[in-house]
Amino acid sequence: MKRILATLIITFSVCVIGIFIWTNNTYELSSDITLPQYSSGSIITSYSDYIIYNPTNNTTNTGIIIYPGALVEPNAYSYYAIQLAKQGYLVAILDVTMNLSLLDTNKAMNVINHFPEISSWYVAGHSMGGVSATVFVNNNLDIVDGLILLASYPSSNINLSFSELKVLSIYGELDGLSTVDEINNSKSQLPTDTTFVEIKGGNHAQFGLYGEQKGDLKATISPLEQQDIIVKATLDFLTQK
């Protein structure tokens, strides 16, 4: 019994250490990326569990909350957040437990509670972050106006097709992780008026700015070209009637 107990303790310890190492081996903002200037009249605030890009003149009275992809650091989405904030949107990038958003699917509520003056909320997510975003939105249809899926789709147990939710799905032609077939197969789970935008030459990793990702295909456009397409598609969606 002592040997069995010792073996179990050692095995458990190895598993815990392995998980800790794996979840801390993250994707960060690429060092060769120069972020756009953010107006000195706006405020960037880092809290313990999210980063806020808050324009002092929020002309839209709209907030956007971003769930990162698995093992991706929040700062890898800074370019996207800054470009949206420059257009008058409050943007929050969540910092999730162990860099796995599925462990923190309700974290968007922290941001919503923090900014009660914001009247309209959109929740976005990249890859696993998109799955987490759909979970949050499905549970809070009364307070969320829209969902933005970035190289992502709902898990099989989520069905938003009956809702009046505004939904945008942006995906890459050369995505090796969230494939075009998977996006197409999930369309029945989303409202019939969902806006789908395919990025020609785009891949999975370039939905953030953290370099290459194992299992992905090689993009034929640059990371910033893909980011600008994502930003434009998002702004067009946010302003559509």
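Here is a short report on the structure shown in this document. Since the structure is predicted, the reported quantities are computational estimates derived from the model, not experimental observations.

**Digging into the packing of aromatic side chains**
Point 1. Tallying each qualifying case throughout the model produces two aromatic pairs.
Point 2. Plain terms: the ring middles of tyrosine 122 and phenylalanine 237 are 5.9 Å apart, the flat faces sit at 85° to each other, and that makes the pair edge-to-face. Here phenylalanine 237 lies in helix α6 (residues 223-239) and tyrosine 122 lies in strand β5 (residues 120-126), a separation of 115 residues in the sequence. Taken individually, tyrosine 122 and phenylalanine 237 each receive the classification buried, so the pair is uniform in this respect.
Point 3. The side chain of lysine 166 reaches across the aromatic face of phenylalanine 237, ending 5.1 Å from its centre.

**Considering the pairing of strand β3 (residues 62-67)**
Point 1. In terms of residue burial, β3 counts as a mostly covered element, since six of its six residues are buried.
Point 2. As defined by bridge partners, β3 adjoins strand β4 (residues 90-94) across four bridges and the pair is classed as parallel. In the sheet register, isoleucine 65 faces β4, and the bridge partner there is alanine 92.
Point 3. Handedness of the crossover joining β3 and β4 through helix α2 (residues 78-85): right-handed.

**Overview of the pattern of salt bridges**
Point 1. By the definition in use, this model includes three salt bridges.
Point 2. The salt bridge involving aspartate 104 is made with lysine 107; its shortest N-O contact spans 3.3 Å.
Point 3. Residue class for aspartate 104 comes out buried when judged on its relative accessible area of 15%.
Point 4. Residue lysine 107 is classed as buried on the basis of its relative accessible area, which comes to 12%.
Point 5. Close ionic contact of lysine 232 with aspartate 236 constitutes a salt bridge, the shortest N to O distance being 2.8 Å. With a gap of four residues between them, lysine 232 and aspartate 236 both fall in helix α6, about one helical turn apart.
Point 6. Exposure remark for lysine 232: the relative accessible area of 51% places this residue in the exposed category.
Point 7. The exposure class assigned to aspartate 236 is partly exposed, which follows from its relative accessible area of 40%.

How each quantity is defined
- Residues numbered from 1 in each chain as written.
- Predicted model: local features only at pLDDT ≥ 70, side-chain atom pairs only at ≥ 80, totals over all residues.
- Heavy atoms only, no water.
- Phe/Tyr/Trp six-rings, centres within 6.5 Å; stacked < 30°, edge-to-face > 60°.
- Helix = DSSP H or I, 4+ residues; strand = E, 2+ residues; numbered from the N terminus.
- Buried < 20%, exposed > 50% of the residue type's maximum accessible area, 1.4 Å probe, protein only.
- Lys NZ or Arg CZ within 6 Å of the ring centre and 35° of its normal.
- Pairing = 2+ DSSP bridges.
- Right-handed = clockwise from strand over helix to strand, strands pointing away.
- Salt bridge = Lys/Arg side-chain N within 4 Å of Asp/Glu carboxyl O.

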